Amino acid sequence: MPYSNPEKPGKLKVLWKITRPHTLTASFIPVFIGTSLSLGYTPWHKLLFGAMLISCLLIQIATNLFNEYYDFKRGLDTIDSIGIGGAIVREGFRPQTVLRLALGCYGVSILFGIYICVHSSWWLALIGLVGMLIGYLYTGGPLPIAYTPLGEIFAGLLMGTFFILISFFIQTGYVNEKSILVSIPTGILVGAINMANNIRDLDGDKDSGRKTIAILLGHEHAAFVLGAMFATAYLWVMGLVIRGLVNPWLLIVFLSIPKAVQATKGFIGKNRPSQMMPAVRYTAQTNTMFGLLLCISLYFTQILPYFN
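Fair warning: this is a prediction, and the values are worked out from it, not measured in the lab.

Peer 1: Whenever I open this one, the overall build of the protein chain confuses me. Can you help?
Peer 2: The number of helices and strands found in the protein chain is 12 helices and 0 strands. Long-range pairs, those at least 24 residues apart, make up 75% of the contacts in the protein chain with a sequence separation of at least 6. Only carbon and sulfur atoms are counted for the fraction: they give 70% of the accessible area of the protein chain, which is about 14,200 Å².

Peer 1: Got a minute to help me understand the layout of surface pockets in this structure?
Peer 2: If a probe the size of a water molecule is rolled over the atoms, the empty space left behind becomes visible. Reported here for the second largest pocket is a volume of approximately 410 Å³. Contributing to the lining of the second largest pocket are 24 residues, with Leu124, Ala125, Ile127, Gly128 and Leu129 lying nearest its centre. Among the elements of the structure, α3 (46–73), α4 (95–118), α5 (123–137) and α6 (151–172) are those that each provide at least two residues to the lining of the second largest pocket. Per-element accounting of the lining of the second largest pocket gives the leading share, 9 residues, to α5.

Peer 1: Sorry, what's going on with α3 here?
Peer 2: Owing to its 3.6 residues per turn, the α-helix aligns residues three or four sequence positions apart on the same side. Between its terminal C-alpha atoms α3 stretches 41 Å, which fits the 40 Å expected from 28 residues at 1.5 Å a residue. Counting buried residues in α3 gives 22 out of 28 residues, a clear majority hidden from the surface. Remark: Gly75 follows α3 within two positions and exhibits a positive phi of approximately 80 degrees.

Peer 1: Would you mind going over a nonpolar patch on the surface with me for this structure?
Peer 2: A cluster of nonpolar residues, Ile110, Leu111, Ile114, Val118, Trp122 and Leu129, forms a patch on the protein surface that exposes about 600 Å² of accessible area. Top element by residues in the nonpolar patch is α4. It accounts for 4 residues. Within the secondary structure, Val118 is located in helix α4.

Peer 1: Help me understand α6, please; the structure alone is not making it clear to me.
Peer 2: Counted at 1.5 Å a residue, the expected span for α6 with its 22 residues is 32 Å, and the 30 Å between its end C-alpha atoms agrees. The largest bend in α6 amounts to roughly 35 degrees and is located at Phe162. Looking one or two residues beyond α6, the residue adopting positive phi is Gly173, at roughly 90 degrees.

Peer 1: I'm lost on the nonpolar core in this one. Help?
Peer 2: Nonpolar side chains tend to gather and get buried jointly when the protein is soluble and globular. Ile33, Val182, Ile199, Phe230, Phe267 and Leu294 are the most contacted members of the largest nonpolar core, which totals 40 residues. Elements that contribute at least two residues to this core include exactly α2 (25–38), α6, α7 (177–200), α9 (213–217), α10 (219–242), α11 (257–265) and α12 (273–303). Looking at this core element by element, the count peaks at 10 residues for α10. With sequence-adjacent residues up to four places away left out, Phe267 is seen in contact with Ala196, Ile199, Arg200, His219, Ala223, Leu226, Met276, Ala279, Val280 and Thr283. Cys56, Ile116, Leu124 and Ile145 belong to the second-largest nonpolar core, a separate cluster that totals 25 residues.

Peer 1: Which parts of the structure should I look at to understand the pattern of salt bridges?
Peer 2: Opposite charge on two side chains lets them pair, provided their charged atoms get close. One pass over the structure, following the stated rule, counts 4 salt bridges. The salt bridge involving Arg20 is made with Glu68; its shortest N-O contact spans 3.0 Å. Of this pair, Arg20 sits in the loop between α1 (11–18) and α2 while Glu68 sits in helix α3; the two residues are 48 residues apart in sequence, bridging distant segments of the chain. Look at Glu68 and you get buried, because its relative accessible area is 2%. Note that Asp205 and Arg210 form a salt bridge whose closest N and O atoms lie 3.8 Å from each other.

Peer 1: Explain the packing of α3 against α6 here, please?
Peer 2: Geometry of a packed helix pair, given as the angle between the helix axes and the separation of the axes. In the contact formed by α3 and α6, the axes pass within 10 Å of each other and the chain directions differ by 160 degrees. Here α6 runs roughly antiparallel to α3, going by the angle between their axes. For α3 against α6, the interelement crossing comes out right-handed. Contacts from Leu48, Phe49, Met52, Cys56 and Gln60 of α3 reach α6 at Met159, Phe163, Ile166, Ser167, Ile170 and Gln171.

Peer 1: For this particular structure, what's the right way to read the side chain of Arg210?
Peer 2: Looking at the element boundaries, Arg210 is found in the loop between α8 (202–207) and α9. In terms of polar contacts, Arg210 uses its side chain to reach the side chain of Asp71, at 3.1 Å.

Peer 1: Is there a simple way to explain the packing of aromatic side chains in this structure?
Peer 2: Aromatic rings in a pair are described by how distant their centres are and how their planes are angled relative to each other. Applying the stated rule across the entire model yields 13 aromatic pairs. Pairing Tyr41 with Tyr174 gives two aromatic rings, centres 6.3 Å apart and planes at 90 degrees, and the pair type is edge-to-face. With a gap of 133 residues between them, Tyr41 in the loop between α2 and α3 and Tyr174 in the loop between α6 and α7 connect regions that are remote in the sequence. Consider the rings of Phe168 and Tyr174, whose centres lie 5.9 Å apart with planes at 80 degrees: the pair is edge-to-face. Through successive ring pairs, a cluster of aromatic residues spans Phe66, Tyr69, Tyr70, Tyr106 and Tyr136.

Procedures and definitions
Residues numbered from 1 in each chain as written. Predicted model: local features only at pLDDT ≥ 70, side-chain atom pairs only at ≥ 80, totals over all residues. Heavy atoms only, no water. Helix = DSSP H or I, 4+ residues; strand = E, 2+ residues; numbered from the N terminus. Contact = heavy atoms within 4.5 Å. Areas by Shrake-Rupley, 256 points an atom, 1.4 Å probe, with all protein chains shown as cover. 1 Å grid on protein atoms, 1.4 Å probe; cavity = no way out; pocket = protein on both sides within 12 Å on 5 of 7 lines; lining within 4 Å. Points joined across faces, edges and corners; volume = space filled by probe spheres on them. Expected span 1.5 Å × (residues − 1). Buried < 20%, exposed > 50% of the residue type's maximum accessible area, 1.4 Å probe, protein only. Patch = residues over 30% accessible without salt bridge, like charges linked within 9 Å, V, L, I, M, F, W, Y side chains within 5 Å. Salt bridge = Lys/Arg side-chain N within 4 Å of Asp/Glu carboxyl O. Bend = angle between axes of the 7 residues up to and from the residue. Core = buried A, V, L, I, M, F, W, Y, C linked by side-chain atoms within 4.5 Å. Axes fitted to C-alpha atoms, helices over the stretch in contact; angles between N-to-C directions. Parallel < 35°, antiparallel > 145°, perpendicular 65-115°, else oblique. Left-handed = near helix turned anticlockwise from the far one by under 90°. Polar contact = N/O pair within 3.5 Å; in protein donor to acceptor, adjacent residues only side chain to side chain. Phe/Tyr/Trp six-rings, centres within 6.5 Å; stacked < 30°, edge-to-face > 60°.

Structure follows, in structure tokens:
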């Protein structure tokens with residue numbers, strides 16, 4: 001059986017691995033961005049920030065665990081699969097254990113969500129439940145989102161744009177034009193992480209019946225679209241600066257462009273998943289660097305007059 005020997009040593013290390021830690025910046029960076037942006041409007045509510053950060057991380061970890069469980073159940077994950085946690089097919093974890101861990105993450109995130117709602121708005125409970133449903137349906141249910149061309153859109157909106165806007169809202173009590181516009185490039189880059197994974201997994205996903213954007217476009221065109229997504233994120237920030245909606249200091253996000261270039265070039269001329277793994281990492285690193293630089297610039301321009 002592929003999941004025999006559940007007592008295999010190193011479980012804590014395996015548990016950490018199946019959270020797919022290299023992807024978790026897609027959830028905590030948006031929380032930092034939304035909170036940093038709010039500092040120009042209200043004092044920092046540290047406990048709300050902490051609750052939001054933990055809740056978002058748990059939702060993404062649960063989504064990753066659902067991915068691990070359902071990809072195994074559908075026969076997508078094998079011992080030779082690239083880019084998976086591998087807890088079931090390699091490390092002897094029972095599938096039901098992975099599923100229970102995912103549901104446990106959701107349960108704990110609900111507790112933090114209740115705290116957030118008590119101190120902000122109960123409308124967030126509905127938004128949070130919808131977000132968790134999307135996380136489950138990404139690979140679960142009769143027609144998983146990951147099997148359709150909508151994966152990048154849902155990932156970008158939920159873990160990019162919405163996480164930023166909710167983080168801003170729980171601090172300020174409202175959402176404004178600036179917060180919406182600033183959230184867009186991060187949403188694009190979170191979607192780019194999803195696109196990079198789908199380009200890497202294109203052949204295997206095609207055999208399993210998926211219809212991702214990468215499959216519909218083909219490898220070369222998908223890599224071009226990935227590059228266009230990067231370009232759009234940077235040009236969006238430049239447009240906000242030109243319109244005078246944000247401080248020119250936000251242009252320091254351009255320091256992350258070399259990573260975006262590496263990510264795009266890393267898919268050109270490659271046809272094996274193992275060859276494309278560096279490009280996938282560079283894509284995640286682009287999101288991380290872009291997000292951190294955006295946080296830094298927002299923080300200083302919001303609270304220090306010298307930068308305004």
